[in-house]
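# Coordinate inspection notes
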Amino acid sequence: MKHVIQVQNLTKVYGKLKAVDHINFEVERGEIFGFLGPNGAGKTTTLRMLTGVIQSDEGIINILGFNIRKEPLKAKQNIGVVPETSNAYVDLSAWQNMMLMSELYGIPKKDAEDRSEYLLNRLNLYHRRDDKVKGFSKGMKQRLILCMALVNDPILVFLDEPTSGLDVTSRQLIREILQEFPDQGKTIFLTTHNMDEANRLCDRVAIINQGEIAAIDRPEKLKNTAKKLKSIEVSFDKTVNNQNLLEISYVNELRKKGDKFIVYTDNVNSLIYSLTDFAKARGLEIVTLKTRDPSLEEVFIELTGTDR
Ligand SMILES: Nc1ncnc2c1ncn2[C@@H]1O[C@H](COP(=O)(O)OP(=O)(O)OP(=O)(O)O)[C@@H](O)[C@H]1O
Ligand SMILES: [Mg+2]
């Protein structure tokens, strides 16, 4: 089986809102597939449909070859899910949560214990295994729900914003374990609103906005688009004519924002040099100089050519 996820015409409507609007995509075995989009784009709604938590209004979903609506148990048997909000019981310890999850999957006790010990160690929680989850920090909880999602050794894992709001160390621990999956022939579907994370982790990225997929591509394409949209925010102590600024080297486009200019470029470093030369030659003082990365919205507009 080449495609572990197949989605056709998938749609979810809430009242008048099309949260997910006739989307199509496929995920191959061994891929890390990212679903990238701003808040409210439809990422969680899609993930919930894929994992059988909610039903679609239209469309077909096949997970590991099984239609999620017709054979939900078979479809769900070999998947792991890290949901948007924690599914750990806060009055139980980390270890008890792992055992409970193992029971749900019918994992023999010895296997459950070995696997839990391994996973909790990997995510640096083993020393806290007997503490109640109530007292866990956000990063610890997130790492625990990843351990819980992996206890059945799934071949397909769904993660909803797995590293959102976590510190560098927690993020790194989570990314490391996920990055080992493709080599074992396992597949990952994750949602994120972080462009950098999508670029770093994913083999392919679908960009979703307002329930629609704008593009599905390798992250290089995204990176190139984002690079073109890099900009520098600059202001001077005296009034500067737009035209004069537009004529200096490495300026692609210019926008005025109050007393500042947003100067778009594909070569940030050279533009900084030409801006300082420009200021020097005219006896201007540079008051602000900040580099800006494009927002997801800017990349989305560039990719789709729409401005809505
Ligand atoms: N149960 C629901 N009832 C009504 N509207 C809903 C429901 N669930 C989601 N929506 C709406 O569907 C849209 C998509 O929501 P969704 O949670 O899928 O977004 P998201 O991409 O996961 O966003 P975020 O990055 O904030 O998590 C939003 O406009 C949301 O308000
Ligand atoms: Mg969400």
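Conventions we followed
Residues numbered from 1 in each chain as written. Chains lettered and ligands numbered in written order. Predicted model: local features only at pLDDT ≥ 70, side-chain atom pairs only at ≥ 80, totals over all residues. Heavy atoms only, no water. Helix = DSSP H or I, 4+ residues; strand = E, 2+ residues; numbered from the N terminus. Contact = heavy atoms within 4.5 Å. Areas by Shrake-Rupley, 256 points an atom, 1.4 Å probe, with all protein chains shown as cover. Lys, Arg positive; Asp, Glu negative; His and termini not counted. Charge placed at Lys NZ, Arg CZ, Asp CG, Glu CD. Pairing = 2+ DSSP bridges. Axes fitted to C-alpha atoms, helices over the stretch in contact; angles between N-to-C directions. Expected span 1.5 Å × (residues − 1). Buried < 20%, exposed > 50% of the residue type's maximum accessible area, 1.4 Å probe, protein only. Donors = N, O, S within 2.8 Å, 3.2 Å for Na, K, Ca; no water. Near = heavy atom within 4 Å. Polar contact = N/O pair within 3.5 Å; in protein donor to acceptor, adjacent residues only side chain to side chain.

## What to know about the overall build of the chain
Counting secondary structure elements, the chain contains eleven helices and 14 strands. For the chain, the spread of C-alpha atoms along the three principal axes comes to 75 × 45 × 35 Å. Taking the intrachain contacts of the chain between residues at least 6 apart in sequence as the baseline, contacts between residues at least 24 apart amount to 69%. Accessible surface, the chain as shown: approximately 15500 Å² in total, 46% of it carbon and sulfur. Side-chain charges in the chain split into 43 positive and 42 negative, and the spacing between the mean points of these groups amounts to 2 Å.

## Section: the sheet that holds strand β9 (residues 204-209)
The six strands are arranged β6-β7-β8-β3-β9-β10 in an open sheet whose pairing can be described as mixed. Lying at the two open borders of the sheet, with one neighbouring strand each, are β6 (79-82) and β10 (212-217). This sheet shows a mean twist of 15° between the axes of neighbouring strands, independent of strand direction. Sheet topology places strand β3 (residues 32-36) next to strand β8 (residues 187-192); five bridges connect them, and they run parallel. Bridge pairing links F33 to F189 in β8. Where helix α5 (residues 138-150) meets the sheet, its contacts fall on β6 and β7 (156-160), and the angle it forms with β6 comes to roughly 165°.

## Quick look at α5
Counted at 1.5 Å a residue, the expected span for α5 with its 13 residues is 18 Å, and the 19 Å between its end C-alpha atoms agrees. Buried residues dominate α5, accounting for eleven of its 13 residues. Residues of α5 that are buried sit in contact with β6, α3 (94-104), α4 (109-122), β7 and α6 (168-179).

## So, the pairing of strand β11 (residues 231-236)
With six of six residues buried, β11 is to be regarded as a mostly interior element. A two-sided burial pattern is seen for β11, the buried positions comprising S231, E233 and S235 on one face and I232, V234 and F236 on the other. As paired elements, β11 and strand β13 (residues 260-264) share four bridges and run antiparallel to each other. Pairing of I232 across the sheet is with V263, part of β13. Of the pairings in the sheet, the one linking β11 to strand β14 (residues 286-292) comprises six bridges and is antiparallel in character. Of the residues in β14, the one forming a bridge with S235 is T288.

## Structural notes on the coordination of the magnesium ion (ligand 2)
Within the protein, the magnesium ion (ligand 2) binds to T44 (OG1) and E84 (OE); these donor distances fall in the range 2.0 to 2.1 Å. Of this pair, T44 sits in helix α1 (residues 43-50) while E84 is found in the loop between β6 and α3, placing the two residues 40 residues apart along the sequence.

## With respect to the sheet that holds strand β1 (residues 3-14)
A sheet is described by the order of its strands in space; here four strands give the open sequence β2-β1-β4-β5, paired in antiparallel fashion. For this open sheet the edge positions go to β2 (17-28) and β5 (66-67), each flanked by a neighbour on one side alone. Against the sheet, α1 touches β1, β2 and β4 (58-63), its axis set at about 120° to β1.

## Remarks on the site of ligand 1
Surrounding ligand 1, one finds 13 residues, the nearest of these being G40, K43, T44, T45 and E84. Contact between ligand 1 and K43: an oxygen atom at 2.8 Å from a side-chain N or O atom of the residue. Between an oxygen atom of ligand 1 and a side-chain N or O atom of E161, the distance comes to 3.5 Å. Out of a free accessible area of 640 Å², ligand 1 has 62% covered by protein chains. Within the residue set of the shell around ligand 1, elements represented by two or more residues are β2 and α1.

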